[in-house]
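What follows is the residue order along each chain.
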Amino acid sequence: MTLLRDRDLARAFDHASHTYDRLTALSPGYRTDLLRSARRLRLPRGGAGLHLLDLGCGTGASTRALLRAAPHARITAVDASSGMLRRARAKPWPAHVRFRHLTAEEVATAGKGPYDAVFAAYLFRNVTDPDGVLAAVRSLLRPGGRLAVHEYSLSGSAAHRALWTAVCRGVIVPAGTLGGNRALYHHLWRSVLDFDEAPDFADRLENAGFTGVRAVPVAGWQTGIVHTFLARNGSATTAEDDR
């Protein structure tokens, strides 16, 4: 079975949207890890006066994490799947959080930037042209703007690769199959195996022109499987540096 891309992937997420939150809730630390990654943006003053982009927001779990990390920021959240967006929009949000139906590739021409920070969770292994999307992100970020990518990106260890496959074969793909979404969760398994390992994605960020690139493994069972990648668009413009 080949990986899903573009419209096929968006349709698969549309179909899975009604069970997506229930399945992610079964993953220990899923929402906590998103919040930790959002907080690693280290946005000052609770985000007051800042405009943030949640790129690939899904049903809004990453948006909620970003809102908790920066409760005073204006947040624009976008996703390519109309089904996932319907689930996100149905949840309670303050007026300064807005959702838009856009692909990652369309965001650069949508006219809503520039942004002070971009948060992208579980996005880059799903796009056809990650370098093109990174270029778009840089064009949307203010100079010194911050990027946090929360992504399945294996460490390079054979043990972590084997653990991911075991979890997918034993839990994730069977659970997705019960919900009628085997293709999507098989895609999840294979897309992680095929995507950049953490050092390679860090290199990709640097090659795209980002500075101060760091890869931080998440805690718990996903250590070595999920990483937070932190970077800036050029030099920092504030005295507060990432630590």
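In what follows, the structure referred to is the one given above.
Residues numbered from 1 in each chain as written. Predicted model: local features only at pLDDT ≥ 70, side-chain atom pairs only at ≥ 80, totals over all residues. Heavy atoms only, no water.

### Looking at the overall build of the protein chain
Point 1. Counting secondary structure elements, the protein chain contains eight helices and seven strands.
Point 2. Computed over C-alpha atoms, the radius of gyration of the protein chain comes to 17 Å, within 12% of the 18 Å expected from 2.2 N^0.38 for 243 residues, which places it in the range of a compact globule.
Point 3. Of the contacts made within the protein chain by residues no fewer than 6 positions apart, 71% connect residues no fewer than 24 positions apart.
Point 4. Total accessible area computed for the protein chain in this model is approximately 10700 Å², and 53% of it derives from carbon and sulfur atoms.
Point 5. For the protein chain, the centre of its 32 positive side-chain charges and the centre of its 22 negative side-chain charges are spaced 8 Å apart. (Helix = DSSP H or I, 4+ residues; strand = E, 2+ residues; numbered from the N terminus. Rg over C-alpha atoms; globule rule 2.2 N^0.38 Å. Contact = heavy atoms within 4.5 Å. Areas by Shrake-Rupley, 256 points an atom, 1.4 Å probe, with all protein chains shown as cover. Lys, Arg positive; Asp, Glu negative; His and termini not counted. Charge placed at Lys NZ, Arg CZ, Asp CG, Glu CD.)

### Observations regarding the sheet that holds strand 7 (residues 226-232)
Point 1. Taken in spatial order, the seven strands line up as 3-2-1-4-5-7-6 in an open sheet, and their pairing is mixed. Both outer strands of the open sheet, strand 3 (97-101) and strand 6 (211-217), are each paired with one neighbouring strand and no more. Each neighbouring strand pair of the sheet contributes to a mean axis angle of 15°, computed without reference to strand direction.
Point 2. Judged from the six bridges that link them, strand 4 (residues 115-121) and strand 5 (residues 141-152) form a sheet pairing that is parallel. (Pairing = 2+ DSSP bridges. Axes fitted to C-alpha atoms, helices over the stretch in contact; angles between N-to-C directions.)

### Let's talk about helix 6 (residues 158-178)
Point 1. Taking 1.5 Å per residue as the helical rise, helix 6 with its 21 residues ought to reach 30 Å, and the 29 Å between its terminal C-alpha atoms agrees with that figure.
Point 2. The principal kink in helix 6, of about 50°, is found at Cys 168.
Point 3. Within the sequence span of helix 6, burial applies to Trp 164, Thr 165, Val 167, Cys 168, Ile 172, Val 173 and Gly 176.
Point 4. Buried residues along helix 6 sit in contact with helix 1 (6-25), strand 5 and helix 7 (182-194). (Expected span 1.5 Å × (residues − 1). Bend = angle between axes of the 7 residues up to and from the residue. Buried < 20%, exposed > 50% of the residue type's maximum accessible area, 1.4 Å probe, protein only.)

### Topic: the pattern of salt bridges
Point 1. Under the counting rule described, the total for this entry stands at eight salt bridges.
Point 2. Between Arg 36 and Asp 33 there is a salt bridge, with the nearest N and O atoms lying 3.2 Å from each other. Here Asp 33 and Arg 36 lie together in helix 2 (residues 30-39), a separation of three residues that amounts to about one turn.
Point 3. The exposure class of Arg 36 is partly exposed, given its relative accessible area of 41%.
Point 4. Salt-bridge contacts for Glu 151 lead to Arg 125; the nearest nitrogen and oxygen are separated by 2.9 Å. (Salt bridge = Lys/Arg side-chain N within 4 Å of Asp/Glu carboxyl O.)

### Observations concerning the nonpolar core
Point 1. Counting residues in each nonpolar core, the largest one holds 53 residues, and the members touching the most others are Leu 34, Leu 52, Phe 99, Tyr 152 and Trp 164.
Point 2. In terms of residue count, helix 7 provides more of this core than any other element does, six residues in total.
Point 3. Apart from the residues lying within four places of it in its own chain, the contact partners of Leu 52 are Leu 43, Leu 66, Ala 70, Ala 73, Arg 74, Ile 75, Thr 76, Tyr 115 and Ala 117. (Core = buried A, V, L, I, M, F, W, Y, C linked by side-chain atoms within 4.5 Å.)

### A look at the layout of surface pockets
Point 1. Roughly 1000 Å³ of volume is contained in the largest pocket.
Point 2. Phe 13, Tyr 20, Tyr 122, Arg 125 and Asn 126 are, among the 50 residues lining the largest pocket, the residues nearest its centre.
Point 3. Of all elements in the fold, only helix 1, helix 2, helix 3 (61-69), strand 2 (74-79), helix 6 and helix 7 reach the threshold of two or more residues within the lining of the largest pocket. (1 Å grid on protein atoms, 1.4 Å probe; cavity = no way out; pocket = protein on both sides within 12 Å on 5 of 7 lines; lining within 4 Å. Points joined across faces, edges and corners; volume = space filled by probe spheres on them.)

### With respect to a negative patch on the surface
Point 1. On the surface, a cluster of negative charge is contributed by Asp 6, Glu 105, Glu 106 and Asp 129.
Point 2. Along the polypeptide, Asp 129 turns up in the loop between strand 4 and helix 5 (130-140).
Point 3. Among the residues examined, Asp 129 registers a relative accessible area of 40% and is labelled partly exposed. (Patch = residues over 30% accessible without salt bridge, like charges linked within 9 Å, V, L, I, M, F, W, Y side chains within 5 Å.)

### So, the side chain of Thr 63
Point 1. Here Thr 63 is to be found in helix 3.
Point 2. When its relative accessible area of 0% is taken as the criterion, Thr 63 is described as buried.
Point 3. In contact with Thr 63, not counting residues within four places along its chain, are Asp 54, Cys 57, Ile 75, Ala 77, Trp 93, Val 97 and Phe 99.

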